[in-house]
There are 2 protein chains.
Amino acid sequence: MIFGAILAGGTGTRMDLENLPKQFLPLGEKPILIHTLEKFCLCTQLDAIYVGAHGDWVNHTQDLIENHGLSGYDIHVVAGGDSRNQTIINILEAIEADHGASDEHIVVTHDSVRPFVKLSIIEANIAAAKAHPACDTVIPATDTIVRSDETGEFISEIPTRDRMYQGQTPQSFKISLFKQIYSDMDEQTRSVLTDACKVFVEAGYPVHLVAGDVTNIKLTTIMDYKIAQAMIESRVIDQ
Amino acid sequence: MIFGAILAGGTGTRMDLENLPKQFLPLGEKPILIHTLEKFCLCTQLDAIYVGAHGDWVNHTQDLIENHGLSGYDIHVVAGGDSRNQTIINILEAIEADHGASDEHIVVTHDSVRPFVKLSIIEANIAAAKAHPACDTVIPATDTIVRSDETGEFISEIPTRDRMYQGQTPQSFKISLFKQIYSDMDEQTRSVLTDACKVFVEAGYPVHLVAGDVTNIKLTTIMDYKIAQAMIESRVIDQ
């Protein structure tokens, strides 16, 4: 079976607007999270969608889903954990509680604050996660990438740009394999490997690349939020 | 002495609008290049500003400078070369023809299509290029950076994010040192080292980091162009 997992566990907001975590901020006519959820609802290959929300915001998230006409979809809100990967683990455990464990189960994890993801990217993720242990959505680096070790004061390396990519989400993978690798890791390793695909890379599993899109931006800062509003208002992006 | 160098040598445009190279496209009330030039005109530490334009567009560039009220500034338009670094070399030779050679001369090179650069960033570049052989303007990587060698199909490495930066411009350096390193390189090396700061890094000189800004975006694609228009219309950026 194939599951969507929307990671909405954050409570802080670098945007600090209206005391709402940023995934709940309005964008056009609805909250960012609802934009994101709607993209996943469009994907008929998904058997169910799980949203990982902070415990304090589970009820609010459920209310939003009802109030925006999405209660007809198979959407479950799960309390998230202290870290991104722990929120993923909580979702995976909810999936297995509801649907049982299977080596064939695939999850498509996605940032709640990337509302402009396209259906075609979700579908490409599903295809890649069927064929490989995991996949990561990336775009070729548009900027020159610079590495600076230790002090952050001087350049250590400017790697060849055509080998460098900027990671987006979704990140998709076989559920049982992720759980196995993660349970074998010690706390120290877990605290360093905050990226689900990096968990696979460090464990030696091949992670396939899926082509993302420049419009699939992550809304992290107030600047990103304003750009997203401008993108919708100027019809760079259709709602 | 301290010189500005605006790199406007491109003729192609991935935007393909109005048959104009993208630096000449309108943004709000004036061309992108004029936005950029105005930021450099604000910097009183600069002794002169050079613009490297493709030979076919030198006259057009000179006309724009006159028509937008910038003829009172010490701005020179120079024919660019076949590559970014060759355009820089052409500008450096024009500077030395006008002002003589000196080990103290500094140049602040900047993409013509980064119109939102701030005066404070230009000033920080000048300070860093006085103290060091060269400096590069960067922001901490907002996305996870992914390296994929050879095929571009699988992830080779996900480097630790807090060591990774996204390069912007200005890139600023001692003129005589750059000319010396560049003249010692063979054609093969030159064709690979398309980034001026990488020329310094590969030659073993320390390149200092200067803090850029998320608004200092490079307008490369039609999407960037629309975002820039939206940023101006929505007053994310003041003109």
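Residues numbered from 1 in each chain as written. Chains lettered and ligands numbered in written order. Predicted model: local features only at pLDDT ≥ 70, side-chain atom pairs only at ≥ 80, totals over all residues. Heavy atoms only, no water.

> Is there a simple way to think about the state of the cysteines in this case?
Defined simply, a disulfide is a covalent bond joining two cysteines at their sulfur atoms. Evaluation of the coordinates by the stated rule reveals 0 disulfides over all chains. No disulfide involves Cys41(B); its sulfur sits 10 Å from the nearest other cysteine sulfur, which is in Cys43(B). (Disulfide = S-S within 2.5 Å.)

> For this particular structure, what's the right way to read the pattern of salt bridges?
Oppositely charged side chains can form a pair if their charged atoms are brought close together. Evaluation of the coordinates by the stated rule reveals 20 salt bridges over all chains. The salt bridge partner of Asp149(A) is Arg147(A), with a shortest N-O separation of 2.7 Å. On the basis of relative accessible area, Asp149(A) is assigned to the buried category, the value being 18%. In this structure Arg147(A) comes out as partly exposed when scored by relative accessible area, which is 24%. As a salt-bridge pair, Lys118(B) and Asp213(B) come within 3.3 Å of each other at their nearest N and O atoms. In this pair, Lys118(B) sits in the loop between β6 (106–111) and α4 (119–131) while Asp213(B) sits in the loop between β10 (207–211) and α8 (222–233), placing the two residues 95 residues apart along the sequence. Sharing partners across several salt bridges, the network here consists of Arg84(A), Asp111(A), Arg114(A) and Asp143(B). (Salt bridge = Lys/Arg side-chain N within 4 Å of Asp/Glu carboxyl O. Buried < 20%, exposed > 50% of the residue type's maximum accessible area, 1.4 Å probe, protein only. Helix = DSSP H or I, 4+ residues; strand = E, 2+ residues; numbered from the N terminus.)

> When you look at the side chain of Thr87(B) in this model, what are you seeing that I'm missing?
Mapped onto the elements, Thr87(B) comes out in helix α3 (residues 84–99). Residue contacts for Thr87(B): discarding those within four places in its chain leaves Leu7(B), Gly52(B), Gly80(B) and Gly81(B). (Contact = heavy atoms within 4.5 Å.)

> Explain unusual backbone geometry to me, please; I cannot follow it from the model alone.
Negative phi is the rule for most residues except glycine; trans is the rule for most peptide bonds. The peptide bond linking Thr169(A) to Pro170(A) adopts the cis configuration, its omega dihedral lying at 15°. Residue placement: Pro170(A) occurs in strand β9 (residues 164–174).

> I'm lost on the environment of Gly72(A) in this one. Help?
With respect to the helices and strands, Gly72(A) occurs in the loop between α2 (58–67) and β5 (75–79). In this structure the C-alpha to C-alpha distance between Gly72(A) and Asp56(A), which are 16 residues apart in sequence, comes to 24 Å.

> What is the right way to look at the nonpolar core in this model?
What tends to happen in soluble globular proteins is that the nonpolar side chains get buried as a cluster. Counting residues in hydrophobic clusters, the biggest one holds 86 residues, and the most contacted among them are Leu37(A) and Leu37(B). Residues contacting Leu37(B), with those up to four places away along its chain left out, are Ile6(B), Ile49(B), Val51(B), Ile65(B), Leu70(B) and Ile75(B). (Core = buried A, V, L, I, M, F, W, Y, C linked by side-chain atoms within 4.5 Å.)

> When you look at the interface of chain A and chain B in this model, what are you seeing that I'm missing?
Reports often express the size of an interface as the amount of accessible area lost when the parts come together. Each partner contributes to the interface: chain A provides 42 residues, whereas chain B provides 42 residues. Overall, the association of chain A and chain B removes approximately 3800 Å² of surface from exposure, summing both partners, and the carbon and sulfur fraction of that is 64%. On the chain A side of the contact with chain B, Phe154(A), Ile158(A) and Met223(A) bury the most area, a combined 14% of that side's loss. Here chain A is connected to chain B by 4 salt bridges. Put simply, Arg163(A) and Asp149(B) hold a salt bridge, and the shortest N to O gap is 3.6 Å. Our enumeration of links across chain A and chain B arrives at 14 residue pairs in polar contact (both at pLDDT 80 or more). Of all the elements in the fold, those that place two or more residues in the side of chain A that touches chain B are β7 (134–140), β8 (145–147), β9, α7 (196–202), β10 (207–211) and α8 (222–233) of chain A. The element best represented in the side of chain A that touches chain B is α8(A), accounting for 6 residues. When the residues that make up the side of chain A that touches chain B are grouped by side-chain class, the tally is 20 nonpolar, 11 polar and 11 charged. (Buried area = accessible area lost by both parts, 1.4 Å probe. Polar contact = N/O pair within 3.5 Å; in protein donor to acceptor, adjacent residues only side chain to side chain. Nonpolar A, V, L, I, M, F, W, Y, C, P; charged D, E, K, R; others polar.)

Note that all results are geometric; they support no functional claim without further evidence.
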